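Inside the fold
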Amino acid sequence: AFHDGEFELHYQPQIHLETGRPAGAEALLRWRHPERGLVMPAGFIDALAMSGIAAMVGWWILDRACRDAVTWPRIDGRPMSVSVNLFPSQFGHADFLHHVDAALRDSGLPPECLELELTETIALRDDGAAAATLQALRHRGVRVAYDDFGTGYASLSMLRHLAVDRVKIDRSFVSDVVDDRGDAAIVRSILMIARNFDMQVTAEGVESAPQADFLRKLGCDEVQGFYYAPALPLAQFGTWLSDYERHRARVVAIS
């Protein structure tokens with residue numbers, strides 16, 4: 001599939017809750033299968049992550065996402081950022097920082113517009129390499145997010161040792177956050193912890209206005225989910241952004 005160019009990236013908008021402004025987008029891998037049609041990551045991502053080409057695909061994703069992101073318009077005068085998920089084999093690769101530098105240099109994307117997402121599997125290293133690599137990224141201006149926060153046993157200890165800029169609340173806590181006291185308590189706790197560490201928070205899987213409003217009142221910074229938009233192919237994502245800009249222009253003109 002990779003050799004035949006069947007992989008493609010779709011982009012899901014990330015929304016700043018207080019203003020409603022699109023702040024960026026997460027790059028998500030899709031497989032355009034010649035017979036099965038569009039295959040979602042659940043159907044192949046685990047096998048890909050364990051394969052010998054995972055790092056190669058990961059470098060392609062990083063490069064493609066950076067090149068796509070530089071084509072996005074500024075929203076309300078602010079540049080859009082792009083979030084890219086990493087495979088474990090990438091983060092431990094000897095040339096990891098070189099690949100990041102090359103993707104930024106070749107695309108022209110400012111480092112502060114790139115956010116790399118780590119999972120617990122990637123970050124759980126006891127050799128000090130993870131912390132050193134994260135420091136090197138932040139020195140470059142690249143931001144780092146801790147994905148699926150709250151789902152792993154080592155999440156809290158990681159925040160003490162790993163310099164990340166953002167935590168992402170897993171969708172499993174967001175789906176019933178309005179009606180489930182336990183999920184609501186977990187989300188409140190994550191937000192409190194993040195604030196104490198001066199980290200931003202993005203909630204994933206937001207599918208309704210009550211969820212978005214609940215998270216906004218709790219002080220969550222950004223959200224993403226089907227309530228705003230699914231992950232869209234590049235051309236459709238561009239149209240979605242243009243529609244936002246037209247709507248924003250009308251609001252400004254009326255006011």
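Structural data are supplied above this passage.
This section reports on the structure supplied with the text. Counting starts from 1 at the beginning of each chain's written sequence and moves along it residue by residue. In keeping with the model being predicted, local features are shown solely for residues with a pLDDT of at least 70 and side-chain atom pairs are shown and tallied solely at 80 or more, while totals for entire chains, interfaces and linings include all residues. Side-chain figures throughout are based on the complete set of non-hydrogen atoms in the structure, without hydrogens or water.

Quick look at the overall build of the protein
Each helix is a run of H or I in the DSSP string that is no shorter than four residues. Each strand is a run of E no shorter than two, and both are numbered from the N terminus. Of the regular secondary structure elements, the protein holds 11 helices and 10 strands. Within these notes, the globule rule equals 2.2 Å times the number of residues to the 0.38 power, and the radius of gyration is based on C-alpha atoms. The C-alpha atoms of the protein give 18 Å as radius of gyration, which agrees with the globular expectation for 255 residues (18 Å, within 12%). Over its C-alpha atoms, taken along the principal directions, the protein stretches across nearly 50 × 40 × 40 Å. Under the scheme applied here, a residue whose accessible area is under 20% of the maximum for its type counts as buried, over 50% as exposed, and between as partly exposed, the area being computed with a 1.4 Å probe on protein chains only. Here the protein holds 255 residues, and 47% of them are scored as buried. The contact criterion used is simple: two residues touch if any of their non-hydrogen atoms lie within 4.5 Å. Excluding contacts between residues fewer than 6 apart, the proportion of contacts in the protein whose partners are at least 24 apart in sequence is 66%. Counted as positive: Lys and Arg. Counted as negative: Asp and Glu, with His and the chain ends omitted from the count. Note that the charge is assigned to NZ on lysines, CZ on arginines, CG on aspartates and CD on glutamates. Between the mean site of the 25 positive side-chain charges and the mean site of the 35 negative ones, the protein shows a separation of 6 Å.

Side note on unusual backbone geometry
With phi around 55 degrees, Asp76 is a residue other than glycine that occupies positive phi space. Tracing the chain through its elements places Asp76 in the loop between α2 (54-69) and β4 (81-85). A positive phi angle, near 60 degrees, is found at Asp198, a position not held by glycine. Mapped onto the secondary structure, Asp198 falls in the loop between α9 (181-196) and β8 (200-203). A relative accessible area of 72% places Asp198 in the exposed class.

Things to note about the nonpolar core
Here, nonpolar core refers to any group of buried Ala, Val, Leu, Ile, Met, Phe, Trp, Tyr and Cys residues whose side-chain atoms link them within 4.5 Å. Of all hydrophobic cores here, the largest spans 75 residues; its most connected members are Val82, Leu114 and Leu116. Here this core takes 9 residues from α2, the largest share from any one element. In this structure Val82 touches Tyr11, Ala25, Ala27, Ala65, Ala69, Trp72, Leu109, Cys113, Leu114 and Glu115, once residues within four positions along its chain are discounted.

Notes on the pairing of strand β6 (residues 143-149)
Of all the 7 residues making up β6, 6 are buried; the element is thus mostly covered by neighbouring parts of the structure. Of the pairings in the sheet, the one linking β6 to strand β7 (residues 166-169) comprises 3 bridges and is parallel in character. From the neighbouring strand, Tyr146 faces β7, where its bridge partner is Val167. Pairing between strands is defined by DSSP: at least two bridges between them are needed.

Describing the layout of surface pockets
The method is simple in principle: a probe with the dimensions of a water molecule rolls over the atoms, and the space it marks as empty is what remains. Points on a 1 Å grid over protein atoms alone make up a cavity when a 1.4 Å probe fits among them but cannot get out, and a pocket when they form an open set with protein on both sides within 12 Å along at least five of seven lines; lining residues each have an atom within 4 Å of a point. Grid points are joined across faces, edges and corners, and a volume is the space filled by probe spheres set on the points. Size it by volume and the largest pocket reaches roughly 970 Å³. Taken together, 31 residues make up the lining of the largest pocket; nearest its centre are Leu28, Pro41, Ile45, Asn85 and Asp147. Listing elements by their share of the lining of the largest pocket, those giving two or more residues are β1 (7-16), β2 (22-33), α1 (45-50) and β6. In terms of residues, the lining of the largest pocket owes the most to one element, β2, which gives 5 residues. Roughly 200 Å³ of volume is contained in the second largest pocket. Surrounding the second largest pocket, His16, Arg21, Ala23, Arg78, Pro79, Ser81, Glu112, Cys113, Arg143, Arg166, Gln200 and Glu222 form its lining. Counted by class, the lining of the second largest pocket contains 3 nonpolar, 3 polar and 6 charged residues. Each residue is assigned to one of three groups, with Ala, Val, Leu, Ile, Met, Phe, Trp, Tyr, Cys and Pro labelled nonpolar, Asp, Glu, Lys and Arg labelled charged, and all others, Gly among them, labelled polar.

Let's talk about the pattern of salt bridges
A pair is scored as a salt bridge if a Lys or Arg side-chain nitrogen falls within 4 Å of a carboxyl oxygen belonging to Asp or Glu. Under the defined criterion, the tally for this structure stands at 13 salt bridges. Among the ionic pairs, Asp63 bridges to Arg67, the shortest N-O distance being 2.8 Å. Note that Asp63 and Arg67 are positioned in helix α2 at a spacing of 4 residues, about one turn of the helix. Given a relative accessible area of 23%, Asp63 falls into the partly exposed group. Among the salt bridges present, the one from Lys217 reaches Asp213, with a minimum N-O distance of 3.1 Å.

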